[in-house]
Amino acid sequence: MKIAFLGPHASFTQLAATQIFADEELVPQSSILDCFNAVKNNEVDKAVVPLENSIEGTVSMTLDYLYDFDVLIETELVMPIAHHLMIHPDQETFERVISHPQALAQTFHFRYDHFKDIPSQDYSSTAAAAKLVSDNPNEKWAAVANRYSAKLYGLKIIHENIQDFEQNHTKFIVISKKKESLRLNLPKTSEKTSLIITLPEDHAGGLHQVLSVFAWRKMNLSKIESRTLKTGLGNYFFFINVASEWHNVLSQNAIDEIISLGSNVKFLGHYDEYVFNE
Ligand SMILES: O=C(O)C(=O)C[C@]1(C(=O)O)C=C[C@@H](O)C=C1
């Protein structure tokens, strides 16, 4: 099997992909959009992308593409994230910090407290930022990335564990076109069903009506997030996670009831959540 992931080598997403698919061919992509397109165009069987971080929240691009693309979620892996500040070994100082926007956000307070006046620059991934710093020895640049990137791209770590909160975890999902759920040989924490719901129009109690479909069945929701539909201010879709034990009730009649209320429901999958085995 071919598995796309947000690259290049040594990105956090590659660490996640390696744990899920130890024996498959991993194909690095330059962006999360490329990962979705690789699945769409059948260049790969599946892709691994980041969905949510415990400090910075949802990776909004991934959420948007789950809405836009015809894909399903097969499984989820939660991985601890440690960031380090690294520079080229020829340099002593740095005048710019480069990384993925999620990594910059997860280290914002550290950088504010210690390097307030040093500007930051978004890049496609932490590992891509480390490679860029490595490829430009004459620039006074630093990257925020993991220690595998420091090693692979020959950078020296000048500050370790700079994430703003000790408990820093990112959730990665496996997406594909197939309606199947992956069983992994890793510690399993929960099962869930993910849905995207779009209301027919903005009217009083519209969301309340949809949520009441879950409430009167005593179905436990573990997440609800609204995201702009990009069709005008105030227009949203809702990403919802439903706790596992309700899967059968959900597929039988709750979804039908939501549809009968005039809403659109996109079923994203019923799948397991695992934790990274260090
Ligand atoms: O840049 C990387 O290395 C990634 O794999 C992306 C990503 C993300 O988008 O959340 C993954 C984990 C960390 O939260 C920071 C960055």
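Quick notes on the rules
- Residues numbered from 1 in each chain as written.
- Predicted model: local features only at pLDDT ≥ 70, side-chain atom pairs only at ≥ 80, totals over all residues.
- Heavy atoms only, no water.
- UniProt positions renumbered as here; feature names shortened; annotations may be inferred.
- Phe/Tyr/Trp six-rings, centres within 6.5 Å; stacked < 30°, edge-to-face > 60°.
- Helix = DSSP H or I, 4+ residues; strand = E, 2+ residues; numbered from the N terminus.
- Buried < 20%, exposed > 50% of the residue type's maximum accessible area, 1.4 Å probe, protein only.
- Salt bridge = Lys/Arg side-chain N within 4 Å of Asp/Glu carboxyl O.
- Core = buried A, V, L, I, M, F, W, Y, C linked by side-chain atoms within 4.5 Å.
- Domains from an automatic or database assignment.
- Contact = heavy atoms within 4.5 Å.
- Near = heavy atom within 4 Å.
- Polar contact = N/O pair within 3.5 Å; in protein donor to acceptor, adjacent residues only side chain to side chain.
- Areas by Shrake-Rupley, 256 points an atom, 1.4 Å probe, with all protein chains shown as cover.
- Nonpolar A, V, L, I, M, F, W, Y, C, P; charged D, E, K, R; others polar.
- Pairing = 2+ DSSP bridges.
- Axes fitted to C-alpha atoms, helices over the stretch in contact; angles between N-to-C directions.

Identification of the chain as prephenate dehydratase from Chryseobacterium edaphi is taken from an unreviewed UniProt entry. Word for word, the UniProt comment on the chain under Pathway (unreviewed entry) is "Amino-acid biosynthesis; L-phenylalanine biosynthesis; phenylpyruvate from prephenate: step 1/1."

Novice: Help me understand the packing of aromatic side chains, please; the structure alone is not making it clear to me.
Specialist: Any two aromatic rings considered together are summarised by their centre-to-centre distance and by the angle between their planes. Inspection of every chain in the model, using the stated rule, returns 7 aromatic pairs. Where Tyr 67 meets Phe 237, the ring centres are 4.6 Å apart and the plane angle is 15°; that geometry is what we call stacked. Of this pair, Tyr 67 sits in helix α3 (residues 60-68) while Phe 237 sits in strand β14 (residues 236-243); the two residues are 170 residues apart in sequence, bridging distant segments of the chain. Looking at Tyr 67, the relative accessible area reads 32%, which means it is partly exposed. Summarising the aromatic geometry, the rings of Phe 108 and Tyr 112 are spaced 5.8 Å apart at their centres and angled 35° between planes, so their arrangement reads as tilted. Pair noted here: Phe 108 and Tyr 112 are both in helix α5 (residues 108-114), with a separation of 4 residues, about one helical turn. Cluster of aromatic residues (ring-pair linked, three or more members): Phe 36, Tyr 65 and Phe 69.

Novice: Would you mind showing me how to read the UniProt feature "domain: Prephenate dehydratase" (unreviewed entry) in the chain here?
Specialist: In the numbering used here, UniProt assigns the feature "domain: Prephenate dehydratase" (unreviewed entry) to residues 2-177. Across residues 2-177 one finds 32% helix and 32% strand; the C-alpha atoms that close the span lie 13 Å apart.

Novice: Please clarify how the pattern of salt bridges should be interpreted in this entry.
Specialist: For side chains of opposite charge, pairing can occur when their charged atoms come near one another. What the rule picks out here adds up to 16 salt bridges. Arg 227 serves as the salt-bridge partner of Asp 64, at 2.8 Å between the closest nitrogen and oxygen. Of this pair, Asp 64 sits in helix α3 while Arg 227 sits in strand β13 (residues 221-228), and the two are 163 residues apart along the sequence. Note that Lys 192 and Glu 76 form a salt bridge whose closest N and O atoms lie 2.5 Å from each other. Note that Lys 192 is positioned in strand β12 (residues 188-198) and Glu 76 in strand β5 (residues 72-80), a separation of 116 residues in sequence. One exposure class covers both Lys 192 and Glu 76, and it is buried.

Novice: What is the right way to look at the nonpolar core in this model?
Specialist: The nonpolar side chains of soluble globular proteins are, as a tendency, buried together. Judged by nonpolar contacts, the single largest core of 25 residues is most densely connected at Ile 32, Phe 36, Leu 66, Val 71, Ile 173, Ile 175 and Phe 239. For this core, the secondary-structure elements that each account for two or more residues are β1 (2-6), α2 (32-40), β3 (46-53), α3, β11 (169-176), β14 and β15 (264-275). Element by element, the count of residues in this core is highest for α2, at 5 residues. Counting residues domain by domain, this core receives three or more from each of domain 1 (2-81 + 168-176) and domain 3 (188-271). Ignoring any residue separated from it by four or fewer positions in sequence, one finds Val 71 in contact with Phe 36, Val 39, Leu 66, Ile 175, Ser 176 and Leu 268. Listed in part, the 18 residues of the second largest apolar core include Ala 17, Met 79, Val 174 and Leu 182.

Novice: Can you help me understand the site of the ligand in this one?
Specialist: Lining the immediate environment of the ligand, one finds 14 residues, of which Phe 12, Thr 13, Gln 106, Thr 126 and Thr 170 sit closest. In the environment of the ligand, an oxygen atom lies 3.4 Å from a nitrogen or oxygen atom belonging to the side chain of His 100. Relative to its unbound accessible area of 360 Å², the ligand is 100% covered by the protein chains. Class assignment for the residues of the shell around the ligand results in 5 nonpolar, 9 polar and no charged. Structurally, the shell around the ligand is a two-domain feature, drawing no fewer than three residues from each of domain 1 (2-81 + 168-176) and domain 2 (84-159).

Novice: Would you take a moment to explain the sheet that holds strand β6 (residues 84-87) for this structure?
Specialist: Hydrogen bonds along the backbone pair up the strands of a sheet, which may run parallel or antiparallel. Taken together, the 5 strands give an open sheet; going across it, the order is β8-β7-β9-β6-β10, and neighbouring strands pair in mixed fashion. Looking at the sheet topology across the chains shown, the edges are occupied by β8 (120-122) and β10 (156-159). Across this sheet, the average inter-strand angle for adjacent strands is 35°, counted without regard to direction. Each of β6, β7 (96-99) and β9 (141-145) is contacted by helix α6 (residues 126-135), which is oriented at about 155° to β9, the strand it contacts most.

Novice: Teacher, can you tell me more about the environment of Ser 11 here?
Specialist: Here Ser 11 lies in the loop between β1 and α1 (12-20). When the C-alpha atoms of Ser 11 and Arg 147 are compared, they prove to be 10.0 Å apart, with 136 residues separating the residues in sequence. The residues contacting Ser 11, other than those within four sequence positions of it, are Phe 5, Leu 6, Thr 126, Ala 127 and Asn 146. Engagement of the side chain of Ser 11 in a polar contact is seen with the backbone nitrogen of Gln 14, the distance being 3.0 Å.

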